[in-house]
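An overview of the molecular structure
One-letter residues, chain by chain:
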Amino acid sequence: MSTRAAGKAADAERRETDSGIEVKPVYTENDVAGLELELPGEFPFTRGPYPDMYRGRPWTIRQYAGFASAEETNARFRYLLERGQHGLSVAFDLPTQLGYDSDDERAVGEVGRTGVAIDSLADMELLFDGIPLAEVSTSMTINAPASLLLLLYELVGDQQGVPGERLRGTVQNDILKEYIARGNYIFPPRPSMRLTTDLFAYCAERLPSWNTISISGYHIREAGSTAVQELAFTLANGIAYCQAAVDAGLSPERLSFFFNAHNHFFQEVAKFRAARRLWARIMRERFGVENPKAQALRFHAQTGGSTLTAQQPENNVARVTVQALSAICGGAQSIHTNGFDEALALPTENSVRIALRTQQILAHEAGGTDTADPLGGSYFIEELTSELEQRARELIERVDELGGAVAAVEHGFVQQEIEQAAFAYTQQVEAGEKVIVGVNKYSEQESEQIELHHLDPEAERRQLERTARVRAERNSEEAAAALERVRDTARGEANLLPPMREALRARCTVGEICNVLREEFGTFDSQRT
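Residues numbered from 1 in each chain as written. Predicted model: local features only at pLDDT ≥ 70, side-chain atom pairs only at ≥ 80, totals over all residues. Heavy atoms only, no water.

Looking now at the overall build of the protein. Along the protein, the regular secondary structure elements total 20 helices and twelve strands. For 529 residues, the compact-globule estimate of 2.2 N^0.38 gives 24 Å, and the C-alpha radius of gyration of the protein, at 23 Å, lies within 12% of that figure. Counting all 529 residues of the protein, 56% fall into the buried class. As displayed, the protein has an accessible area near 22,300 Å², and 47% of this comes from carbon and sulfur atoms. Charged side chains of the protein number 54 positive and 78 negative; the gap between the two group centres comes to 2 Å. (Helix = DSSP H or I, 4+ residues; strand = E, 2+ residues; numbered from the N terminus. Rg over C-alpha atoms; globule rule 2.2 N^0.38 Å. Buried < 20%, exposed > 50% of the residue type's maximum accessible area, 1.4 Å probe, protein only. Areas by Shrake-Rupley, 256 points an atom, 1.4 Å probe, with all protein chains shown as cover. Lys, Arg positive; Asp, Glu negative; His and termini not counted. Charge placed at Lys NZ, Arg CZ, Asp CG, Glu CD.)

Written as structure tokens, this is what we have:
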């Protein structure tokens, strides 16, 4: 064979991950020369944050749920808890995420579609009716109005007689990734960061066991980023939140992370390991943090929603299983597994049960809880971990050169990087270079018929009626005065959460409080970046 022909053959055999990392045919000790692996629970925590990992502390099964109104979602929560779920994870509808009440004209047709509608304390009371908050931990995927939803949760805890120090859970509160990947922002970045750090300070005083932020790479990956970009931009955002906490006179130690468990099993395992190693060094070297608990990155993982296909949807069961196993081998602290039908509709009870049982099978039948870092020491995994770490560090340095994550968002740098990666991936799929089973290869003419979840068309009407009733029955003068106290605080520098809590207690709505803040802070227009 000629040299040119040999070169073409080599090119044809070249394989690489979505981050452009070449995957060699075989790995040997030469690929990891000089590698020294610490034990799990030891700095820099590559192998996990705890010495015995799942043998001593199994991951939390935390299925994400929420649709229609508070009543329907409460029933789904009870269904999951009765079948062995450990913690709750709340999905909010689009109007709630954007700080609009259900009866706002901009909310028409969106109420309860992608999550549960929460307008006021009355909704939150129904959402957790019969669920003792002292006995569960709750994650809430909410960002721009995160502080308001946390305050509503605290007020329900008050009604149940549960003091703040006993409330456990996480509020996502990661506004930077909304500008980058998701688009569910309200205010400009800098007043949004004020709300974030106000929540940090509030929880330090009143909810000491609450995780004040879950810095999300999940949505960055869903927007089309590579694994390296997900890793780098997520940690860059984490650096920004830590710096904001320090600037506000707070400790940067109460952070958690949320990553995507995507398709390339080995790359995902390496990504999670690299994330811990990078973050431990960032916390020690940039912020001087010596507390091992604060150095050790902890994360929730969700299987990749964007990887689910409407074609041959039952194939998604296999995808979700492999992705969940990558999170387990990578050392996640909690995991959500998607329903196989979620490319078509909200999951049915049947698909939710299969997703839940998937985690239970991995835990109890597949040996998922038997040993810490089961792939540690693999030549391939260790080389991938180091390569991902190095490439992510270089990308973080580019963000630093722009002035940090907030400035990088304002310049549109991060958004453009992700858009380019998403475009390149789409081209590869359309050209058949990336195989999607059942879509661009092994497709079938006839589509499968599966049962889909259908929303109750009366749910929106009931929600509107409840919100109208709240406004009609509250003390209108007390509510108006509470909103003015929020406005006065927004104009100054004091913590916004205490006056917002009192406004919510006075039965002001999420939308009313957000409208006051819109008037004072303005709104963010991505077209101007």
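Relative to the helices and strands, E465 is located in helix α17 (residues 459–473). Residue E465 is classed as partly exposed on the basis of its relative accessible area of 39%. Between the alpha carbons of E465 and D103 there is a distance of 9.0 Å; along the sequence they are 362 residues apart.

What follows is about the sheet that holds strand β4 (residues 64–65). In space, the five strands of this open sheet follow the order β4-β5-β6-β7-β8, with parallel pairing throughout. A strand with exactly one partner marks an edge of an open sheet, and here the two such strands are β4 and β8 (210–211). (Pairing = 2+ DSSP bridges.)

Among the structural elements, T467 can be located in helix α17. On the accessibility criterion, T467 (1% relative accessible area) is buried. Apart from the residues lying within four places of it in its own chain, the contact partners of T467 are D103, D119 and T509. (Contact = heavy atoms within 4.5 Å.)

As paired strands, strand β6 (residues 137–141) and strand β7 (residues 168–171) are joined by four bridges and run parallel to one another. Bridge assignment links S139 to a residue of β7, and that residue is T170. In the classification by handedness, the crossover that spans β6, the intervening helix α5 (residues 146–160) and the parallel β7 is right-handed. Judged from the two bridges that link them, β7 and β8 form a sheet pairing that is parallel. Counterpart to G169 in the pairing with β8 is W210. (Right-handed = clockwise from strand over helix to strand, strands pointing away.)

The subject of this paragraph is the sheet that holds strand β12 (residues 334–336). One open sheet accounts for five strands, arranged β3-β12-β11-β10-β9; its pairing is parallel. Each of the sheet's edge strands pairs with one partner strand only, and the pair in question is β3 (60–61) and β9 (214–216). Summarising the sheet, strand β10 (residues 256–261) and strand β11 (residues 299–303) pair through five bridges and their orientation is parallel. Note on β11: the bridge partner recorded for A261 is T303. Across the sheet, helix α10 (residues 265–285) is in contact with β10 and β11; its angle to β10 comes to roughly 160°. (Axes fitted to C-alpha atoms, helices over the stretch in contact; angles between N-to-C directions.)

For the rest of this paragraph, the subject is the nonpolar core. Within the largest apolar cluster, 130 residues are counted, with the highest numbers of intra-cluster contacts made by F128, M140, W279 and M500. Ranked by the residues each element gives to this core, the list is headed by helix α9 (residues 227–247), at 13 residues. What F128 contacts, discounting residues up to four positions off in sequence, is N74, F77, L88, V90, L133, T138, Y153, V156 and Q160. (Core = buried A, V, L, I, M, F, W, Y, C linked by side-chain atoms within 4.5 Å.)

Summed over all chains, the structure comprises 41 salt bridges. For E16, the salt bridge identified is with R14, shortest N-O distance 3.2 Å. Judged by its relative accessible area of 38%, E16 is partly exposed. Look at R14 and you get partly exposed, because its relative accessible area is 41%. For the salt bridge of R471 with E512, the shortest nitrogen-to-oxygen distance reads 3.1 Å. With R471 in helix α17 and E512 in helix α20 (residues 510–521), the pair connects residues that are 41 residues apart, well separated along the chain. Relative accessible area serves as the criterion here: at 16%, E512 is assigned to the buried category. (Salt bridge = Lys/Arg side-chain N within 4 Å of Asp/Glu carboxyl O.)

What follows covers the side chain of K271. Within the element layout of this structure, K271 appears in helix α10. Taking relative accessible area as the criterion, K271 reaches 1% and is therefore assigned buried.

Our focus in this paragraph is α17. Taking 1.5 Å as the rise per residue, α17 with 15 residues should run 21 Å; its terminal C-alpha atoms sit 21 Å apart, in good agreement. Those residues of α17 that fall on the buried side of the exposure criterion are A459, Q463, R466, T467 and V470. Axial view of α17: buried residues confined to an arc of 95°, hence all on one face. Tucked inside the fold, the buried residues of α17 contact α2 (70–82) and α4 (121–127). (Expected span 1.5 Å × (residues − 1). Arc of directions from axis to C-beta.)

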